[in-house]
Amino acid sequence: MYTKVSDNFGNRIMGDGRTFRARITCDDTVIESGFVSVDMKCIAGTGTSTLEIGCASSTQLDITMIQPDISLTGKEFLLEIGLMLDDDSIEYVKMGYFMAQKPTVDDGRITFTAYDRMAYKLSGYYLSNLLYPCDISEVCAEIETLTGIRMKNAPSGINISKNFDGYTYRQAVGFIAGIDGKFATFDRDGVLDFRWYTTTDYSVGLNRSFDDVVVQENMFQVGYISCAVDENSTIKSGQGLTGIATSNFLMTQEILDGLYAKLKDMSYHPTTCSFAGDMRLELGDIVQVLSRDGKAYPVPVMSLDFSYDGGLITAIGSYGSTELSEATYVSPTENYVQQVYRRLYADKLDAKDAAIKYAQIDFANIGKAALEQFFAKSGLIEDVVVGDQKVTGTLVGVTILGDSIKGGTVIADKLVIKGEDGLYYKLNTDGNTVEKEQTDYNSLDGGVIRAKSITATKIAVDDLVAFGATIGGWHIADGCLYSGTKESMSNTSRGTYLGSDGQINIGDSDNFIMFYVDNKGESHLAISADKFTLGKQNIENIISDIKQDVDNVRDEITTLLRIESSRGTVFKNNAVSTVLSVVIYHGKDRITDIDKLHEVYGSSAYIQWKWQKLDEEEYGIISSADSRMSNDGFSFTLSPDDVDTKVTFMCELITD
């Protein structure tokens, strides 16, 4: 149970009429308003059926809020829930670190799901570099190094004989927790914690619980622990009727006997209930719940839900199958493909026949002597010598097929280049002496080839490499074309620069069109001109029209009116004493007084309150002169005299 709170917090959280706030911190941005609802769920197991060991639990958030100014998608953030104390200050409690998934947007609100570090820090496959057997503490230390997480209460002194090839980090953490008789979860500070159930002095009385306390009649007790260690072998300790069934390839009979001796005294009645929320509770707490018959039941918190909407409700549950359970071996991903992967993930393949279509070969294991022997015996290379990065020798009887041949000098008795339509190109001919073989189109005349100069009426090439050349005033450089002296993207002289990476600069320092990528990798389009015409319209007129449209849209922004209570929204009996305050959200504006209301909606706008008693069919309007109303209708003071069994209050924004 979380204990890092003040005494004032401890007293206020157990009282009536409580008010809560939510807060998100992402990088350097703090968001403290606009929250509609926050639901947080976590389970110490794979479901809500029975007690488990060896699970790696992840916490899920579902948040609906006014769309903030920053994007939260793919970013880690800290969630806190705060309690308003008697002096109206807010004391916040950490709930954990999460990463948001892509949200849905509807009418200025976003709704998104987020998960804790179990989902996004430990999802990769764990390929250990340790030598096995080794101590379990070495495995934990390696997982911390490879994933960047921190652990606490991690086990040690247990010998591990097998590696975790084919399993994810999360599955490995589950196996480690299992052989220590615990479960694993990330705590409020983002640290991986190995836990078991611990008794606290926390109690849920009838004055705080709702009418949904359900206690099973039959007691669950750890009468045995059974474990499937592979497809064909299951071990067991204890002979009771109810117990724990698990699957763990690291488990031995000695370890299992030790776990049973430690856990066999645990017993409880499976129970579920909800009550006035308290964000200090955690998975693994054992709390006392008072049932309607006046009996107190110890409840191990195996599932924990928090629901926030200005108030806070907590729901807890403990579970236990009262029937005999059989342990079943489960592979890492529970499918045949993963089994095949694990069997093929080996240091050596030894087979008589194998058809291999793809292989990754570590050439560091192939020696130079082996390569020299291969080339020499094949007869491909005479006098072969294998160096660090090259092979030298003489090719014998080899036909080379390729797109290019690079060398300092090519010596040949005859050099014939075959082109399209069966034409043969012979170098250094005049194109006239052998007319049957040569034409003006398939010959090069050595008399007109000079350094950096070719004179011809027509040149046809597929790929021209001519760095440093100038064609029609365009300069060809390595990676760009440019005119005049505009040889780089940053050059401000008049001309054009075209980069092979897609960057463009046309114009000079005052009038230009530029598309470029900055040193952060962000793309930019910059345009500067005296006049900018788009189609048949001047861009200045278009921008003016857009501004007018934006002003029109501002008048149609969705408005949200919320009623907040200084003492919460749930009251027992008719012990009602609270102040109802009106907050109006209009776009990004937050309106809490009449001056701001008139500024946004005009001087005729006002707040109107209505109420409906239990035996009335329609709402009645409350006079603006009513003594309970203050702050020009933005505040309404409610006392026990106003409530008889049930009263419903409504607030309206009148703009006409």
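For clarity, every value in this text was computed on a predicted model and none was experimentally measured.

## Looking at the side chain of serine 303
Here comes step 1: Its place among the elements puts serine 303 in strand E25 (residues 303–308).
Here comes step 2: Judged by relative accessible area, serine 303 falls into the buried class, the value being 8%.
Here comes step 3: Within the structure, serine 303 has its side chain in polar contact with the side chain of tyrosine 319 (distance 2.7 Å).
Here comes step 4: Non-local contacts of serine 303, meaning those with residues more than four positions away in its chain, are made with Cys42, Ile43, Leu283, Ala315, Ile316, Gly317 and Tyr319.

## Observations concerning the confidence of the model for the protein chain
Here comes step 1: Put simply, the protein chain has an average pLDDT of 83, and 76% of its residues get 70 or more.
Here comes step 2: Within the model, pLDDT remains below 50 along residues 335–348, and this stretch shows 18 contacts once partners closer than five positions in the same chain are excluded.

## Topic: the nonpolar core
Here comes step 1: Residues Leu51, Phe77, Phe164, Leu192, Met279 and Ile316 are the most contacted members of the largest nonpolar core, which totals 99 residues.
Here comes step 2: In contact with leucine 51, other than residues within four places in its own chain, are Trp196, Tyr197, Phe220, Val222, Ile244, Met266, Tyr268, Met302, Tyr319 and Gly320.
Here comes step 3: Ile591, Tyr601, Ile622 and Leu638 belong to the second-largest nonpolar core, a separate cluster that totals 20 residues.

## Here we look at helix H4 (residues 169–179)
Here comes step 1: The buried fraction of H4 amounts to nine of the 11 residues, a majority that puts the element mostly inside the structure.
Here comes step 2: Those residues of H4 not exposed but buried are Tyr169, Ala172, Val173, Gly174, Phe175, Ile176, Ala177, Gly178 and Ile179.
Here comes step 3: The positive-phi residue at the C-terminal boundary of H4 is glycine 181, with phi of around 70°.

## Here's the deal with the pattern of salt bridges
Here comes step 1: Evaluated as defined, the whole model comprises 16 salt bridges.
Here comes step 2: Salt-bridge contacts for glutamate 564 lead to arginine 21; the nearest nitrogen and oxygen are separated by 3.4 Å. Pair noted here: glutamate 564 is in strand E42 (residues 559–565) and arginine 21 is in strand E1 (residues 20–26), with a separation of 543 residues, a long-range link.
Here comes step 3: As a salt-bridge pair, lysine 588 and aspartate 69 come within 3.2 Å of each other at their nearest N and O atoms. Placement of the pair is lysine 588 in the loop between strand E43 (578–586) and strand E44 (589–591) and aspartate 69 in the loop between strand E5 (60–66) and strand E6 (76–84), with a sequence separation of 519 residues. Assigned by exposure class, lysine 588 and aspartate 69 land together as exposed.
Here comes step 4: Three or more residues joined by partner-sharing salt bridges are found here, namely Arg23, Glu32 and Glu80.

## A look at a nonpolar patch on the surface
Here comes step 1: Together, Trp474, Leu481, Leu498, Ile504, Ile506, Ile513, Phe515, Leu525, Ile527 and Phe532 line one region of the surface with nonpolar side chains, adding up to about 810 Å² of accessible area.
Here comes step 2: Structurally, leucine 498 can be placed in strand E36 (residues 495–499).
Here comes step 3: Of the residues examined, leucine 498 reaches a relative accessible area of 32% and is grouped as partly exposed.

Scoring rules and cut-offs
- Residues numbered from 1 in each chain as written.
- Predicted model: local features only at pLDDT ≥ 70, side-chain atom pairs only at ≥ 80, totals over all residues.
- Heavy atoms only, no water.
- Helix = DSSP H or I, 4+ residues; strand = E, 2+ residues; numbered from the N terminus.
- Buried < 20%, exposed > 50% of the residue type's maximum accessible area, 1.4 Å probe, protein only.
- Polar contact = N/O pair within 3.5 Å; in protein donor to acceptor, adjacent residues only side chain to side chain.
- Contact = heavy atoms within 4.5 Å.
- pLDDT = per-residue confidence, 0-100.
- Core = buried A, V, L, I, M, F, W, Y, C linked by side-chain atoms within 4.5 Å.
- Salt bridge = Lys/Arg side-chain N within 4 Å of Asp/Glu carboxyl O.
- Patch = residues over 30% accessible without salt bridge, like charges linked within 9 Å, V, L, I, M, F, W, Y side chains within 5 Å.
- Areas by Shrake-Rupley, 256 points an atom, 1.4 Å probe, with all protein chains shown as cover.

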